[in-house]
Amino acid sequence: AQSVAQPEDQVNVAEGNPLTVKCTYSVSGNPYLFWYVQYPNRGLQFLLKYITGDNLVKGSYGFEAEFNKSQTSFHLKKPSALVSDSALYFCAVRDNTGNQFYFGTGTSLTVIP
Amino acid sequence: NAGVTQTPKFQVLKTGQSMTLQCAQDMNHNSMYWYRQDPGMGLRLIYYSASEGTTDKGEVPNGYNVSRLNKREFSLRLESAAPSQTSVYFCASSEKGAKVDEQFFGPGTRLTVL
């Protein structure tokens, strides 16, 4: 069965510092991994995805994620955090049929001015 | 393009009442989905429709029914609402339903069942 885990409910980081939001996954077969962001009272927005190829994936708003097969991780990163990055972040994995996503429980990121 | 739209934005029901949540997308996507979002539990899939004319159960289908009315529209019905169905409901769509395609989400419906 496919699943993802986000071990941190809350991450706080100072503005200008690098940020990391963690995600580990469990899949049978090749992983198809995604990051989404949710701003207050809004739907989820796609940030980036890993399908195959380069382990470092670049996405929207300066975010990137590193796929690590040996550690079964797909951590979201940004070199310099902005206050406007404060939001809820979800990691997700797509199942092998392509029909279903499985989401993590979300990590609330707060960037402190 | 409006993307994915949902109506209503907010709804309060009494236990036992019924209602239908509406969703429409204008991106010509084949696949559509209904999720519920609860604190500490992330998003859980209720039902999905891989293509027009088909629907399948997701992780938490009990108490819900769906209709894929046409390629654009995918509705979610609560026949007899229960307090446990208090949640925020999101509709989403994706182009092919293939593994590589990300989902596009609507703004959500906040439902309270008293």
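Anything mentioned here points back to the structure above.
Residues numbered from 1 in each chain as written. Chains lettered and ligands numbered in written order. Predicted model: local features only at pLDDT ≥ 70, side-chain atom pairs only at ≥ 80, totals over all residues. Heavy atoms only, no water.

Draft legend 1. Structural detail: the state of the cysteines. All names here are of chain A. Enumeration over the complete set of coordinates arrives at two disulfides over all chains. A sulfur-sulfur separation of 2.0 Å characterises the disulfide bridge that pairs Cys-23 with Cys-91. Between Cys-23 and Cys-91, the S-S torsion sits near -65°, and that sign places the bridge as left-handed. You can see Cys-23 sitting in the loop between strand E3 (19–21) and strand E4 (24–26) and its partner Cys-91 sitting in strand E10 (residues 87–94), a full 68 residues away along the chain. (Disulfide = S-S within 2.5 Å. Helix = DSSP H or I, 4+ residues; strand = E, 2+ residues; numbered from the N terminus.)

Draft legend 2. Here's a closer look at the nonpolar core. Residues Trp35(A), Leu47(A), Leu48(A), Phe74(A), Leu76(A) and Tyr89(A) are the most contacted members of the largest nonpolar core, which totals 27 residues. Put simply, the parts of the chain that give this core at least two residues each are strand E2 (10–14), E3, strand E5 (33–38), strand E6 (44–50), strand E8 (64–68), strand E9 (73–78), E10 and strand E12 (107–112) of chain A. Setting aside chain neighbours within four positions, we find Leu76(A) in contact with Leu19(A), Thr20(A), Val21(A), Trp35(A), Leu47(A), Leu48(A), Phe63(A), Glu64(A), Ala65(A) and Tyr89(A). Core analysis: the second largest hydrophobic core is formed by 20 residues, Val4(B), Leu21(B), Met32(B) and Val113(B) among them. (Core = buried A, V, L, I, M, F, W, Y, C linked by side-chain atoms within 4.5 Å. Buried < 20%, exposed > 50% of the residue type's maximum accessible area, 1.4 Å probe, protein only. Contact = heavy atoms within 4.5 Å.)

Draft legend 3. Quick look at the environment of Asn30(B). Secondary-structure assignment places Asn30(B) in the loop between strand E3 (19–25) and strand E4 (31–38). Asn30(B) sits 65 residues away from Glu95(B) along the chain, and the two C-alpha atoms are 5.5 Å apart.

Draft legend 4. Representation of the sheet that holds strand E7 (residues 65–68) of chain B. Residue and element names in this part refer to chain B. With respect to topology, four strands assemble into an open sheet ordered E1-E3-E8-E7, the strand pairing being antiparallel. Either end of the sheet is taken by a strand with one partner, and the two such strands are strand E1 (4–7) and E7. For this sheet the average axis-to-axis angle between neighbouring strands, irrespective of direction, equals 15°. Pairing between E3 and strand E8 (residues 74–78): three bridges, direction antiparallel. Residue pairing across strands places Thr-20 opposite Arg-77, the latter belonging to E8. (Pairing = 2+ DSSP bridges. Axes fitted to C-alpha atoms, helices over the stretch in contact; angles between N-to-C directions.)

Draft legend 5. A look at the pattern of salt bridges. For the structure shown, the criterion picks out seven salt bridges over all chains. In this structure, the salt-bridge partner of Glu102(B) is Lys49(A), at a minimum N-O distance of 3.1 Å. You can see Glu102(B) sitting in the loop between strand E9 (87–94) and strand E10 (104–105) and its partner Lys49(A) sitting in strand E6, one on each of two chains. Note on Lys49(A): relative accessible area 26%, which makes it partly exposed. Two residues, Asp85(A) and Lys78(A), come together in a salt bridge whose shortest N-O distance is 2.8 Å. Comparing Asp85(A) with Lys78(A) shows no difference in burial state: the two are buried. (Salt bridge = Lys/Arg side-chain N within 4 Å of Asp/Glu carboxyl O.)

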